[in-house]
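Tertiary structure, described
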Amino acid sequence: MQVLIRGWSARNLRGGLRHLDIDLGEQPNRWTLIQMANGMGKTTTMTLLRYAFTDEEIPPSVVQSFRGGDEATGSFELRLLIDNRPYRLGFEFNFRDGSATRYTVRADTRDGGHVAGRVLPTELSDLLTPQMARLFVFDGELARAIRDLRQRAADEAIRSLYRLSQISGLKSSVDKLVDLEQRRAAAMTSASEERGLTRLRNARNEASAVKRRLENEAASTSTSLEIRRAEAARLKAAIEEHISEDEGLRERLRALDDRERELRTDVNELNVEVLTALRRPPCVHPRLLERLQSLGGRLFELKLPETMSAEFFRDLATRDTCICGRELGHDEREHIIEGAHRYLAQDQISIINQMKLALRSTEGDAQAFSESITRLSGKLSDRQRLRTERERLEIERVDQGDDELELLQQELATARSDIDRLEAQLERLTTRDSHRQRALRLTWESNLPQCETELGEREDRLSIATNTRTFKLKAEAFKSLIDDVDRLSLDRLRERVRLRTNEKLVRIARTERLEVSRIAGFLEIATPGFGTKPEISEGQSLSVAYAFLTSLLSDAPYRLPFVVDSPAVSLDAVNRREVGELIPGFFDQMIMFVISTEREGFAEAFYEKGDDVRFLTISREDGETSVVPGLPFFRTFQDRDAA
Amino acid sequence: MSMDPDIETALTVALDSMSPEPSEEFRRRFRKLCENALISNHAESEVRRVLELVTIDTEGES
């Protein structure tokens with residue numbers, strides 16, 4: 001990605017910026033030298049350029065310090081070319097309240113181009129931080145900061161430009177995901193650490209053991225019940241056989257059996273009749289019939305369901321114009337198709353209409369159902385009476401002194417009592433009926449279905465906690481990997497930048513050989529063969545900074561302009577020429593603010609570079625600022641300082 | 001935009017030193033994630049997918 005500066009303009013700002021427009025052309029020259037005297041607004045321009053590139057807030061006191069006269073408002077606008085697309089980043093200042101309103105103007109956009117705020121391609125927007133802006137809109141303070149042991153400016157510069165912070169930023173995404181996972185799990189359990197997991201595992205094992213015990217109890221109860229039922233059946237048969245031995249009783253018994261068989265047939269038939277009627281609600285009660293017919297009538301009155309079907313909209317989406325006459329574009333069609341599912345399909349409408357008709361024509365004889373129930377109830381009472389009669393026969397026989405029958409009866413009574421007890425026990429163990437579970441006060445420790453539910457919940461809690469922990473462990477491994485990538489990348493980039501910096505230092509620090517011996521957050525400077533050199537001159541400091549920044553910026557994945565204020569003022573004559581000849585070659589665009597005293601040795605190096613250089617001189621005569629282009633005026637201009 | 005060769009090498013070294021050894025799928029997706037992160041073009045869902053592919057040693061836990 002390449003960023004070039006096409007110019008800037010200022011209105012009502014201090015210094016020479018009351019009414020200034022710097023135009024560097026549609027396709028800016030590679031090098032621009034802007035000569036302006038001290039006090040004409042170089043520092044203010046550099047500050048405004050940094051603010052314009054980044055999204056840093058401008059404090060009200062700083063805005064008010066920009067004020068150039070009596071006017072209550074002012075402005076600054078920076079014009080850029082980003083990958084050959086023009087952008088304008090600007091501020092409207094209100095000096096009364098100290099506010100600065102940002103705007104961006106982009107060409108070829110649907111929003112008309114003018115939008116509030118700083119709107120750049122995402123990649124660039126993230127890259128252009130205040131720290132980053134200090135690198136390429138060069139802040140002289142940085143020359144000291146990159147050598148300051150207490151600061152990490154050198155590392156920050158490498159990290160910003162190579163966007164390592166974007167990779168390390170993945171860690172916060174991971175933290176967010178872990179937090180989300182934990183919140184989800186917290187709804188079920190708070191245990192994600194090992195101690196909590198052990199507790200949950202024990203709870204799961206406990207429920208599992210109870211389930212096994214209850215299953216065994218249910219199986220053994222069920223077996224005992226079967227045995228006792230078989231025993232009761234055998235005793236019942238033995239009793240009947242015993243009674244049959246008596247001639248008189250046998251006849252009565254046979255008559256009872258015949259009547260019982262008839263009753264059983266009648267009960268079965270009535271059962272079928274009643275169940276069939278129950279499946280037809282209109283036949284159950286006159287009230288139900290009335291309500292169903294009323295529902296059918298209302299559906300007709302309200303014309304429900306709507307006759308509009310999903311097919312109508314799908315068909316509409318294929319047409320060029322809507323039924324209202326407006327033209328349908330791609331977006332409208334997408335919207336119509338998306339909304340079509342909210343309407344019933346044709347086949348669904350057809351089914352509902354059939355139901356409507358059926359409801360309206362519903363008929364049923366509720367009286368018949370009531371009569372069937374009454375008859376069934378009567379037959380069941382008859383069956384109970386037969387049983388009583390059968391028992392009376394047995395009592396008669398026992399009263400006549402039949403000890404064997406009495407013994408059989410006692411055994412049958414015991415068996416029935418056992419069966420009742422075992423059935424109750426089995427019900428307690430196996431019932432799934434929630435009403436019965438409540439009535440019997442059953443818990444997960446005494447009822448198998450409840451125990452199965454409890455075990456399932458405990459297994460879910462354990463599973464979630466285990467998964468959360470696994471997720472957390474994965475996140476830790478992932479973050480550790482990101483740290484490794486970050487550290488190893490930084491090490492390699494540091495070394496690359498160090499070697500390239502030293503290649504340049506050989507050329508631009510000729511008076512005394514210097515080298516960067518180490519980059520460890522800061523630049524450690526050494527004299528080759530003599531070790532670390534903690535103190536260096538201002539000129540040397542600037543040479544090191546230039547060598548470092550050009551190595552960093554010229555080799556980075558982003559081609560940024562380099563803007564520098566008074567680049568040679570603190571360099572000696574030899575180094576000036578070297579800096580003037582070497583450094584500009586590393587940038588696609590370099591803008592240098594110079595004062596007239598920097599022409600000698602530094603600006604001179606550009607005089608022979610022809611069309612690649614633009615010379616501008618900003619002068620002020622009678623309070624009016626003017627921008628004079630061209631080399632002749634530039635090389636002869638005498639500012640007040642020089643005079 | 002292709003990844004800087006020094007970052008690319010650092011990434012390979014870091015992946016090679018992972019224990020347990022990561023799957024090929026993880027290596028591929030992690031590399032892609034870093035590439036996208038470097039140009040601010042990655043989504044949280046992408047991070048989650050890569051995260052779920054991390055291999056961890058859970059021996060001794062049941």
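Values in this document were obtained by computation on a predicted structure and should not be read as measured data.

1. Quick notes on the pairing of strand 4 (residues 73–82) of chain A
All names here are of chain A. The buried fraction of strand 4 is high, at nine of 10 residues. In this sheet, strand 4 lies alongside strand 1 (residues 3–11) in antiparallel orientation, the contact comprising eight bridges. Considered in strand 4, the bridge of G7 is made with R79. Of the strand pairs in this sheet, strand 4 and strand 5 (residues 85–94) are connected by 10 bridges, and their pairing is antiparallel. Across the sheet, the residue bridging to S75 is E92, located in strand 5.

2. Focus on the interface of chain A and chain B
One frequently used descriptor of interface size is the decrease in accessible area upon assembly of the parts. Taken residue by residue, the interface counts 36 residues in chain A and 32 residues in chain B. Summing both partners gives a buried area of about 3000 Å² for chain A against chain B, and 67% of it is carried by carbon and sulfur. There are five salt bridges connecting chain A and chain B. Linking B:D4 and A:R496 is a salt bridge whose minimum nitrogen-to-oxygen distance equals 2.9 Å. In this assembly, chain A and chain B are joined by eight residue pairs in polar contact (both at pLDDT 80 or more). Elements with a contribution of two residues or more to the side of chain A that touches chain B: helix 3 (122–127), helix 7 (164–168), helix 8 (170–186), helix 9 (194–244) and helix 18 (448–508) of chain A. Residue contributions to the side of chain A that touches chain B peak at 17 residues, all from helix 18 of chain A.

3. Brief notes about the nonpolar core
A general tendency of soluble globular proteins is for nonpolar side chains to be buried together. Judged by nonpolar contacts, the single largest core of 132 residues is most densely connected at A:W8, A:F76, A:F93, A:F138, A:F478, A:F548 and B:F30. Residue contributions to this core peak at 12 residues, all from helix 18 of chain A. Core analysis: the next-biggest nonpolar cluster, separate from the first, contains 28 residues, A:V210, A:I239, A:L393 and A:V398 among them.

4. Focus: the pattern of salt bridges
Think of it this way: side chains of opposite charge can pair up when their charged atoms draw near. Throughout the structure, instances matching the rule amount to 48 salt bridges over all chains. Here A:E26 makes a salt bridge to A:R6, at a shortest N to O gap of 3.0 Å. With A:E26 in the loop between strand 2 (19–23) and strand 3 (31–36) and A:R6 in strand 1, this residue pair connects regions lying 20 residues apart in the sequence. With a shortest N-O distance of 2.7 Å, B:R27 and B:D16 are connected by a salt bridge. Of this pair, B:R27 sits in helix 2 (residues 24–38) while B:D16 is found in helix 1 (residues 5–16), placing the two residues 11 residues apart along the sequence. Overall, the relative accessible area of 14% leaves B:R27 in the buried class. By sharing partners, the salt bridges in this structure join A:E240, A:D257, A:E260 and A:R390 into a single network.

5. Re the packing of helix 18 of chain A against helix 2 of chain B
Taken N-terminus to C-terminus, the directions of helix 18 of chain A and helix 2 of chain B make an angle of 60°; their axes are 13 Å apart at the nearest point. By the angle class used here, helix 18 of chain A and helix 2 of chain B are oblique. The handedness of the crossing between helix 18 of chain A and helix 2 of chain B is right-handed. In this structure, helix 18 of chain A contributes A:F478, A:L481, A:I482 and A:V485 to the contact, and helix 2 of chain B contributes B:F26, B:F30 and B:L33.

6. Brief notes about the UniProt feature "coiled-coil region" (unreviewed entry) in chain A
Residues and elements named next belong to chain A. With numbering aligned to this structure, UniProt lists the feature "coiled-coil region" (unreviewed entry) at residues 197–273 and 376–432. Along residues 197–273 the backbone is 97% helical and 0% strand, and the end-to-end C-alpha distance reaches 58 Å. Here residues 376–432 runs as 91% helix and 0% strand, with 29 Å between its end C-alpha atoms.

7. A look at helix 11 (residues 286–301) of chain A
Think of an α-helix as 3.6 residues a turn; residues three or four steps apart then line up on the same face. The end-to-end C-alpha distance of helix 11 of chain A, which contains 16 residues, comes to 23 Å, matching closely the 22 Å that a straight helix rising 1.5 Å per residue would cover. Taken together, the buried residues of helix 11 of chain A touch helix 14 (346–360) of chain A.

Scoring rules and cut-offs
Residues numbered from 1 in each chain as written. Chains lettered and ligands numbered in written order. Predicted model: local features only at pLDDT ≥ 70, side-chain atom pairs only at ≥ 80, totals over all residues. Heavy atoms only, no water. Buried < 20%, exposed > 50% of the residue type's maximum accessible area, 1.4 Å probe, protein only. Helix = DSSP H or I, 4+ residues; strand = E, 2+ residues; numbered from the N terminus. Pairing = 2+ DSSP bridges. Contact = heavy atoms within 4.5 Å. Buried area = accessible area lost by both parts, 1.4 Å probe. Salt bridge = Lys/Arg side-chain N within 4 Å of Asp/Glu carboxyl O. Polar contact = N/O pair within 3.5 Å; in protein donor to acceptor, adjacent residues only side chain to side chain. Core = buried A, V, L, I, M, F, W, Y, C linked by side-chain atoms within 4.5 Å. Axes fitted to C-alpha atoms, helices over the stretch in contact; angles between N-to-C directions. Parallel < 35°, antiparallel > 145°, perpendicular 65-115°, else oblique. Left-handed = near helix turned anticlockwise from the far one by under 90°. UniProt positions renumbered as here; feature names shortened; annotations may be inferred. Expected span 1.5 Å × (residues − 1).

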